[in-house]
Amino acid sequence: MASGMYALGREGFLGGDIDWDANNIKVTLIDSADYVVNLSTHDFYNDVTALGRVATSGNLASKTKTNGTADAADVTFTAVTGDQSEALVVWADTTVESTSRLIVYIDTGTGFPVTPNGGDITVQWDAAGIFTL
């Protein structure tokens, strides 16, 4: 699978259901052997299988949006154990999985795949930003 935005995540931005500035936005390390992404039909975090979730970040900090491009401070996952991770899912956390919208799936970048060893894993976002609408 290639990186991309979830179609219903785009719809969430257009409908005002996702507010990059105001919402709690998180990132999950993904084991693609246990979660098969469908950018057309997956809409909420409950579509990401529990086995596919290796680690979840806290809320993104220092979020910005410039010319349609979303960005934030780099993310550090602390003391990560579990399966090898080949991707990231960025999502808007409402505290209810069935209403927490999926935004973007990223499976390319320096350092992927990554195998957890109990240490920290830092994700450094591309200098161009996380994604562009």
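Whatever comes next refers back to the structure up there.
Since the model is a prediction, treat every value here as computed from it, not as a measurement. (Residues numbered from 1 in each chain as written. Predicted model: local features only at pLDDT ≥ 70, side-chain atom pairs only at ≥ 80, totals over all residues. Heavy atoms only, no water.)

**A word on the nonpolar core**
Piece 1. Grouped together as the largest cluster of nonpolar side chains are 27 residues, with contacts concentrated most on Trp20, Val90, Ile103, Trp125 and Ile130.
Piece 2. Of all the secondary structure elements, the ones that give two or more residues to this core are strand 2 (24-30), strand 3 (53-56), strand 6 (75-77), strand 7 (87-93), strand 8 (102-106) and strand 9 (121-123).
Piece 3. With near-sequence residues (within four places) excluded, Trp20 lies in contact with Phe13, Ile25, Leu60, Lys63, Thr64, Lys65, Ala70, Asp71, Val90, Ile103, Ile130 and Phe131.
Piece 4. Grouped together as the second largest cluster of nonpolar side chains are 12 residues, Tyr6, Ile30, Val89 and Trp91 included. (Core = buried A, V, L, I, M, F, W, Y, C linked by side-chain atoms within 4.5 Å. Buried < 20%, exposed > 50% of the residue type's maximum accessible area, 1.4 Å probe, protein only. Helix = DSSP H or I, 4+ residues; strand = E, 2+ residues; numbered from the N terminus. Contact = heavy atoms within 4.5 Å.)

**Focus: the pattern of salt bridges**
A side chain with one charge may pair with a side chain of the opposite charge, provided their charged atoms come close.
Piece 1. Considering all chains together, one arrives at 4 salt bridges under this definition.
Piece 2. Across the salt bridge formed by Asp21 and Lys65, the nearest N and O atoms sit 2.3 Å from each other. Linking Asp21 in the loop between helix 1 (7-15) and strand 2 with Lys65 in strand 4 (residues 64-66), this pair joins segments that are 44 residues apart in sequence.
Piece 3. Given a relative accessible area of 42%, Asp21 falls into the partly exposed group.
Piece 4. Of the residues examined, Lys65 reaches a relative accessible area of 55% and is grouped as exposed.
Piece 5. A salt bridge links Lys26 to Asp93, with the nearest nitrogen and oxygen atoms 2.9 Å apart. (Salt bridge = Lys/Arg side-chain N within 4 Å of Asp/Glu carboxyl O.)

**Considering the sheet that holds strand 2**
Piece 1. The strand order across the open sheet built from 5 strands is 1-8-7-2-3, with neighbouring strands paired in antiparallel fashion. A single partner strand is all that each edge strand has here, and the edge strands are strand 1 (4-5) and strand 3. (Pairing = 2+ DSSP bridges.)

**With respect to the environment of Thr76**
Piece 1. Its place among the elements puts Thr76 in strand 6.
Piece 2. In the structure, Thr76 is positioned 46 residues away from Ile30 in sequence and 15 Å away in space, judged by C-alpha atoms.
Piece 3. Other than its neighbours up to four places away in sequence, Thr76 contacts Asp120, Ile121 and Thr122.
Piece 4. Within polar-contact distance, the side chain of Thr76 engages the side chain of Thr122 at 3.1 Å. (Polar contact = N/O pair within 3.5 Å; in protein donor to acceptor, adjacent residues only side chain to side chain.)

**Concerning the pairing of strand 8**
Piece 1. With respect to burial, strand 8 is a largely interior element, 5 of its 5 residues being buried.
Piece 2. Relative to strand 8, strand 7 is paired through 4 bridges, and the arrangement is antiparallel. Following the sheet pairing, Val90 is matched in strand 8 by Val104.

**Here's the deal with the side chain of Ser85**
Piece 1. Structurally, Ser85 can be placed in the loop between strand 6 and strand 7.
Piece 2. Overall, Ser85 belongs to the buried group, its relative accessible area being 0%.

**Examining the sheet that holds strand 10 (residues 131-132)**
Piece 1. Pairing is antiparallel in the open sheet, where 3 strands are placed in the order 4-5-10. Two strands in the sheet have a free side with no partner beyond their single neighbour: strand 4 and strand 10.
Piece 2. Inspection of the sheet shows strand 4 paired to strand 5 (residues 69-71) by 3 bridges, in the antiparallel sense. Pairing of Thr66 across the sheet is with Thr69, part of strand 5.

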